[in-house]
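Working through the structure, step by step
These are the residues of each chain, in order.
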Amino acid sequence: MEKNEIKHLQKAKNILEARGISKHYGGIKALDDVDLVLRDGEVLAVVGDNGAGKSTLVKAITGAISRTSGTILFDGEEVRIDSPTDAKAVGIETVYQDLALVNEISITKNIFLGREIVKDNILGRVFGVLDFKKMDTETRDLFKKLDIRIADIYRDAQAFSGGQRQAVALSKTVLFGKRIAILDEPTAALGVRESKMAMDLVASLKDHGLSVIMITHNMQHVMNYCDRVMVLRLGRLVAVRDVKDVDGDTLVGLITGANKSKVA
Amino acid sequence: MTNTPKNSSTPNSSPTMTSTPNSSSTNWDAMKHQFMQIWQVLAALVLIYMVFFILSPPFRNIDTLLSIFGQASILAILACGTTVVLISGGLDLSVGSIFAVVGVVVGIALAEYELPVYAAVLIGLAVGTLLGAFNGIVQVVTGVPAFIVTLGGLTAYKGFAEILASGRDLSRFPDSFKVLGSGYLMPMIIMFGAALIIGLFLTKTRLGNHTFAIGGNEEVARLSGVKIAKSRIYYYMIGGLMAATAAILEVSKLNFAMPARGQSYELFAIAAVVIGGTSLFGGRGGVGKTIIGMLIMQTINVGLAYMGVGTSVQRIAIGAIIILAVYWDVSRRRSR
């Protein structure tokens, strides 16, 4: 495995490396010394049973929760990521499960939440007066680019369907995630048809220059949309595979621990 | 599971489907929606006014209308600050006591130190803002809930005001100070001015827009990079500043200051905010609604008084209306 890993490392550039990530809650090891490597331009799936530590891993990498230990390298250089803002600053945009949009504010305001554009004059600089015209225009351009047909961008987010909301959340990664998009179960709350739409959008993120880490429970999505897959079990990394080298059954075995002999 | 909105206009549509293709018309929809919300409260106000107009002959008088506005204005200014705090998902029970402290401080500045009016006013505003900041800082540093921190402030600031005022005669202020709060016009102008400024703050600025995001879903706002703690402190400072403004006007109007003033004002303010239709749970609301909410309360008070109903019954009526308003808010949230 060591040799293989090294060969892979040399083949494609690693955009993100998280080394020895641990998160302990008291005596409980939610994450125990997990390594994650994301290559430039790939879609990496993170799979595992409930409680395997998938969301914890993502949150520990993006600074949404504090790490017990571990270092993060971006483009081969160590970076400090202690808060979601730090992660955004280096070009990592995250879509958290159930925590993507504020229901009470408009689509445009959701897209720009935390990164609003202020007017380019004294009102903007001194009082933080917002340039809604510019933000609306950018939102429309973004939706056009991604073929998301939501016209009523002034409306509160709660007026939209699960699929539309997920599309809006995913579009934020294109606008702001200059390099990496991290998606926590992007189809969790969606129906079959909406899931397909959302996953097509995920696939198109590549075309916009993003490398993607995606947590999922859906083995079909892993096989159809991802390049590599890493498997977590009880807070530990148990396997990293090229998707073309595995099938759904093997993955399920790795997730549940049924075929331990095959663990890399 | 994420929320599955039950909005009938967009049932389960896919990401690449749209409910209304024409963008300019949807902007109108959004604006119409806004107007509809405020129209409902405004209609309620007009209706209540009409009822008293019909029932009580002495009520049919322009002076009565003016006195409603006059009584509403000082409390409405205070309630504008409360609106900001409630939209952000916070709560401030201490503004009535901040009101008392500022009144006493301004009284001391004018009567004892004979400071110029502008200096006394500025000191008063600064004290109110600082006490508001203290409310916010204690909350974000200790993590103690807003209810408890500001309940502590309610009694502590009151005690502070009493200590400051003890043994002092705080009355007989210069004429140039009395101009601020006397009559109906000046307080009304200041009320509309304050509402306009806070309204612009909430809708046009970054910090103002964040009140809705933080009150709507604090965790999403945090993950989006909104600086929650800092913003919250600012919102409580605005609450304190508005309480101070109201206190200065009242001291000017009464021509004396005493620590007993401001009693229960925080509750009147919250009542007006809620009656106006700002959500007690955060994320929605506006100052225009609060002004109307305060006018509704005062119309009922004045109207009942004209009909010879005592203050005790007035209190019961207001209490019932507060519960009705929150019931409306709760049932609206449930239907989503």
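Use the structure listed above.
Below is a summary of the structure that appears in this document. (Residues numbered from 1 in each chain as written. Chains lettered and ligands numbered in written order. Predicted model: local features only at pLDDT ≥ 70, side-chain atom pairs only at ≥ 80, totals over all residues. Heavy atoms only, no water.)

1. Some details on the packing of aromatic side chains
- Per the stated rule, a full pass over the model turns up eight aromatic pairs over all chains.
- Summarising the aromatic geometry, the rings of B:F52 and B:F59 are spaced 5.6 Å apart at their centres and angled 45 degrees between planes, so their arrangement reads as tilted.
- You can call B:F52 buried: its relative accessible area is 7%.
- According to the relative accessible area criterion, B:F59 is buried, its value standing at 0%.
- Cluster of aromatic residues (ring-pair linked, three or more members): B:Y49, B:F52, B:F53, B:F59 and B:Y306.
- The ring of A:F176 has A:R115 lying over it, and the distance from NZ or CZ to the ring centre is 3.7 Å. (Phe/Tyr/Trp six-rings, centres within 6.5 Å; stacked < 30°, edge-to-face > 60°. Buried < 20%, exposed > 50% of the residue type's maximum accessible area, 1.4 Å probe, protein only. Lys NZ or Arg CZ within 6 Å of the ring centre and 35° of its normal.)

2. Points about the packing of helix 2 (residues 62-87) of chain B against helix 10 (residues 228-254) of chain B
Residues and elements named next belong to chain B.
- Axis separation between helix 2 and helix 10 bottoms out at 6 Å; the angle between their running directions is 170 degrees. Overall, the two elements helix 2 and helix 10 adopt an arrangement that is roughly antiparallel. Of helix 10, the residues touching helix 2 (which contributes G70, I74, I77, L78, C80, G81, V84 and V85) are Y235, Y236, I238, G239, M242, A243, T245, A246, L249, E250 and K253. (Axes fitted to C-alpha atoms, helices over the stretch in contact; angles between N-to-C directions. Helix = DSSP H or I, 4+ residues; strand = E, 2+ residues; numbered from the N terminus. Parallel < 35°, antiparallel > 145°, perpendicular 65-115°, else oblique. Contact = heavy atoms within 4.5 Å.)

3. Concerning the pairing of strand 8 (residues 211-215) of chain A
All names here are of chain A.
- A large share of strand 8 lies buried, amounting to five of its five residues.
- Alignment of strand 3 (residues 43-48) against strand 8, held across four bridges, turns out to be parallel. Looking across to strand 8, one finds that A45 is bridged to M214.
- Across five bridges, the pairing between strand 7 (residues 180-184) and strand 8 is parallel. Looking at the pairing, I180 lines up with S211 of strand 8. (Pairing = 2+ DSSP bridges.)

4. A closer look at the pattern of salt bridges
All names here are of chain A.
- Tallying each qualifying case throughout the model produces 22 salt bridges over all chains.
- With a shortest N-O distance of 4.0 Å, R67 and D82 are connected by a salt bridge. Placement of R67 in the loop between helix 2 (54-62) and strand 4 (69-74) and of D82 in the loop between strand 5 (77-79) and helix 3 (84-90) is noted, with a sequence separation of 15 residues between them.
- When its relative accessible area of 44% is taken as the criterion, D82 is described as partly exposed.
- Through salt bridges with shared partners, one network takes in K13, D40, D75 and R179. (Salt bridge = Lys/Arg side-chain N within 4 Å of Asp/Glu carboxyl O.)

5. Focus on the sheet that holds strand 10 (residues 236-242) of chain A
All names here are of chain A.
- One open sheet holds the six strands; their spatial order is 6-7-8-3-9-10, and the pairing between them is mixed. The sheet is open, and its two borders are formed by strand 6 (92-95) and strand 10, each paired with just one other strand. For this sheet the average axis-to-axis angle between neighbouring strands, irrespective of direction, equals 15 degrees.
- Along the sheet face, helix 7 (residues 162-176) touches strand 6 and strand 7 and points at about 175 degrees away from the line of strand 6.
- Against the sheet, helix 10 (residues 248-256) makes contact with strand 3, strand 9 (228-233) and strand 10, and its axis sits at roughly 30 degrees relative to strand 9, the strand it touches most.

6. Considerations on helix 12 (residues 287-306) of chain B
- The first and last C-alpha atoms of helix 12 of chain B sit 28 Å apart over 20 residues, in line with the 28 Å expected at 1.5 Å per residue.
- Among the 20 residues that make up helix 12 of chain B, 17 are buried, leaving the element largely enclosed by the rest of the structure. (Expected span 1.5 Å × (residues − 1).)

7. Regarding the sheet that holds strand 2 (residues 28-39) of chain A
Residues and elements named next belong to chain A.
- Strand order across the open sheet formed by four strands is 2-1-4-5, with antiparallel pairing between neighbours. Two strands close off the open sheet at either side, each with one partner strand: strand 2 and strand 5. The average undirected angle you get between the axes of adjacent strands in this sheet is 25 degrees.
- Bridge analysis of strand 1 (residues 14-25) against strand 2 gives eight bridges, and the strand direction is antiparallel. Following the sheet pairing, A18 is matched in strand 2 by L36.
- Packing against the sheet, helix 2 makes contact with strand 1, strand 2 and strand 4, and its axis sits at approximately 70 degrees to strand 2.

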